[in-house]
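Residue strings, one per chain:
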Amino acid sequence: MDRIPAIPNKTGKLAFIARDGLASRFRYFDRRFQEFCAAILGGSGIWLPVISTGVRESLARLRRKTRGIPLVFKVSLLITVLVVTCMGLLGSVIIHQQTRMFEDQINEQGTTLVRLMAQSAREPLLAEDKLALDAISTDFAKSGSVVGTAITSLDGETISHGGDYHDGTRMTQGRVLAQLIAGSPGSMTWELPAAGETRRKVISFVQPVIFQKVTAGYAMVTFSQAGMEQSLRQSIHAIIGATIMIILLGIAMAFALGKRIYEPIDQLVDASRAIGNGEYKFRFKERRNDELGQLMNAFNDMAEGMLEKSQVMDALSRYVSPGVAKEILANLNEVELSGKRIDGSVIFADIVGFTQIAEDIRPEEIVSILNRYFSLITRACELNHGMVDKYLGDGVMLVFGAPQPDENHRFHAIRCALLIQRLVDYENLQRDKLGLFPVKFRLGINSGIMIAGNMGSSERMEYTVVGDTVNLASRLCSISNSGQIVISKDMYLHPNLEGRVIAGEYQSIRLRGIREPVSSYLVEALGADWQALIDEQFNQIIQNENNEYPYLQAG
């Protein structure tokens, strides 16, 4: 029999480290998986020491990149990650427990078998009964997954062996045995040498043969880990298969749930766009009893309120200018009698000889004529940033520079008057073609400091302007003739109108309380660089006519 030299263990201890076994690989994977889960949890705001700064920065970049992803995918991804994480943790726990169970089983079996072998070999070993020892080694080598047995002397000499892997000729197993004998007896996982055959992972157990407190030798039993690996592999495959099925089911349920949640949210987004585009008649028809249903009902109520506000705004704009209507609705809690000084312009326009016209035609025709001409005047006023202050029977009062300030209110007022003059001439031309009498307007304009605000009483008020500037504009209108536009000298000489308005001296008028007469000018046209603006506005009004009068056509 070959003698195997004992190899001293410098540490005095036997280190049981499974470097290449399946269990060691699993523990490595389990450690990495737990670190990954810790990183995911840390990214959600849970502080974990294992997360490095680089991981946190990567998660932050990931969150920034996913801001534009639709909510349904975010919800589905979140649920999917939750399912995968839970199943991964559950699978890792099951595999870990399964591995521990197999290891405990083989350790218990090996420890028991080597102890029985040591007890059986006591007397034959002391008696140096080789046949009995061979019988014991051979019998124990036939047990379960045992691949080899051996009985050695104290110095490691193989006395008897059973199975295929303890015949004393395999130096690797000899060194393993020597290490086990030199150290504390126990177990050790190692790999059988490759000699034209597949390498096999085995685990050896060593027990001293003691008789009456005297150690006579050692008993060694080696088990194959193939059965454990196969059983563990089958368990892992079953767990992975079940995990994949549950994950796929979870993904399907996640997308179904995400879609269920996203559809009403998508409808709310479409509804908000519709409301933003002024489609206040949008309503949710679906009825739900959950929180989303309450949100839909609240949205319907909001849309109803905005529709009512829009209708109120539309109706109010028919009685006051759109700018005043917006000011009123924007400051409903501050509607009160008040006034402030502004720099603005005022136009007075009325029909020449209206009293005679009213006597010659029916009242219905008078209303039709007034509405037609006032409609044209209103459109001209809006295009030039003015507001209709009020209708005065057969006349109209237009204000520029209120309620919103306008640095060019003087030029806008004169341009509006010239546009009105052209529209009236065009309308009279169409009436003449139909054999109807013409309607002539005269206009007066003045600019300067005036008081603008809500005036009247707490029960009934209106937004208007008052002051000497307004009164002078009314007087200038009264001295103008048919088709004329009269402005004050101070307005004409204002730097803002220099080179933009062509006018000639008209006449002077005396006003009560003013010693010197007031000079006036007769507006003829705009400068050459500005006349094209009137042509453009005229064509715009004519082209947008609503066929109330079929004969009113451009050109």
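Here, the structure is the one placed above.
This section reports on the structure supplied with the text. (Residues numbered from 1 in each chain as written. Predicted model: local features only at pLDDT ≥ 70, side-chain atom pairs only at ≥ 80, totals over all residues. Heavy atoms only, no water.)

**What to know about the overall build of the chain**
Step number 1: Within the chain, the secondary structure is distributed over 15 helices and 13 strands.
Step number 2: Looking at the chain as a whole, 41% of its 555 residues are labelled buried.
Step number 3: When the accessible surface of the chain is totalled, it reaches about 31,600 Å², and 55% of it is carbon and sulfur. (Helix = DSSP H or I, 4+ residues; strand = E, 2+ residues; numbered from the N terminus. Buried < 20%, exposed > 50% of the residue type's maximum accessible area, 1.4 Å probe, protein only. Areas by Shrake-Rupley, 256 points an atom, 1.4 Å probe, with all protein chains shown as cover.)

**Structural notes on the environment of Q540**
Step number 1: Here Q540 lies in helix 15 (residues 531-543).
Step number 2: Since its relative accessible area comes to 36%, Q540 is described here as partly exposed.
Step number 3: Placed 161 residues apart in sequence, Q540 and R379 show a C-alpha to C-alpha distance of 9.9 Å.

**Details of the side chain of R500**
Step number 1: Along the polypeptide, R500 turns up in the loop between helix 14 (489-492) and strand 12 (501-509).
Step number 2: Buried within the structure, R500 lacks any salt-bridge partner; D406 is the closest side chain of opposite charge, at an N-O distance of 8.9 Å.
Step number 3: With residues near it in sequence (within four places) discarded, R500 still touches N408, F411, L526, G527 and W530. (Lys, Arg positive; Asp, Glu negative; His and termini not counted. Salt bridge = Lys/Arg side-chain N within 4 Å of Asp/Glu carboxyl O. Contact = heavy atoms within 4.5 Å.)

**Description of the sheet that holds strand 3 (residues 187-191)**
Step number 1: The strand order across the open sheet built from five strands is 2-1-5-4-3, with neighbouring strands paired in antiparallel fashion. What marks the edges here is a single partner per strand, and that holds for strand 2 (158-163) and strand 3. When strand polarity is set aside, the average angle formed by the axes of neighbouring strands in this sheet is 20°.
Step number 2: Relative to strand 4 (residues 201-211), strand 3 is paired through five bridges, and the arrangement is antiparallel. Across the sheet, residue W190 finds its bridge partner in strand 4, namely V202.
Step number 3: Of the strands in this sheet, strand 1 (146-152) and strand 2 are in contact with helix 5 (residues 130-141), which crosses strand 2 at around 35°. (Pairing = 2+ DSSP bridges. Axes fitted to C-alpha atoms, helices over the stretch in contact; angles between N-to-C directions.)

**Brief notes about the environment of S143**
Step number 1: Tracing the backbone shows S143 in the loop between helix 5 and strand 1.
Step number 2: Given the relative accessible area of 24%, S143 is considered partly exposed.
Step number 3: When the C-alpha atoms of S143 and L113 are compared, they prove to be 8.8 Å apart, with 30 residues separating the residues in sequence.

**A closer look at the pairing of strand 4**
Step number 1: Sheet topology places strand 4 next to strand 5 (residues 214-224); ten bridges connect them, and they run antiparallel. Residue pairing in the sheet places V209 in a bridge with G217 of strand 5.
Step number 2: The antiparallel hairpin formed by strand 4 and strand 5 contains two residues in its connecting segment, where Q212 sits at a positive phi of about 55°.

**A word on the pattern of salt bridges**
Step number 1: Taken as a whole and judged by the stated rule, the model has eight salt bridges.
Step number 2: Its salt-bridge partner being R372, residue E427 comes within 3.7 Å of it at the nearest N-O pair. Taken together, the residues span a long stretch of sequence, with E427 in helix 12 (residues 409-433) and R372 in helix 11 (residues 363-383) at a distance of 55 residues. Residues E427 and R372 agree in their burial class; the two are buried.

**Re the packing of aromatic side chains**
Step number 1: Under the defined criterion, the tally for this structure stands at six aromatic pairs.
Step number 2: The interplanar angle of 85° and the centroid separation of 5.8 Å between the aromatic rings of F205 and F223 together place this pair among those described as edge-to-face. Pair noted here: F205 is in strand 4 and F223 is in strand 5, with a separation of 18 residues, a long-range link.
Step number 3: Judged by relative accessible area, F205 falls into the buried class, the value being 4%.
Step number 4: The ring of F411 has R500 sitting right over it, with the charged end atom 3.9 Å from the ring centre.
Step number 5: Positioned above the aromatic ring of W530 is the side chain of R500, whose terminal nitrogen or guanidinium carbon lies 4.7 Å from the ring centre. (Phe/Tyr/Trp six-rings, centres within 6.5 Å; stacked < 30°, edge-to-face > 60°. Lys NZ or Arg CZ within 6 Å of the ring centre and 35° of its normal.)

**Section: unusual backbone geometry**
Step number 1: Backbone torsion omega between A402 and P403 reads 0°, so that peptide bond is classified as cis.
Step number 2: Positionally, P403 belongs in the loop between strand 8 (395-400) and helix 12.
Step number 3: Although it is not a glycine, E128 adopts a positive phi angle of roughly 55°.
Step number 4: Taking relative accessible area as the criterion, E128 reaches 69% and is therefore assigned exposed.
Step number 5: Positive phi, normally seen in glycine, also occurs at Q212, with a value near 55°.
Step number 6: Within the secondary structure, Q212 is located in the loop between strand 4 and strand 5.

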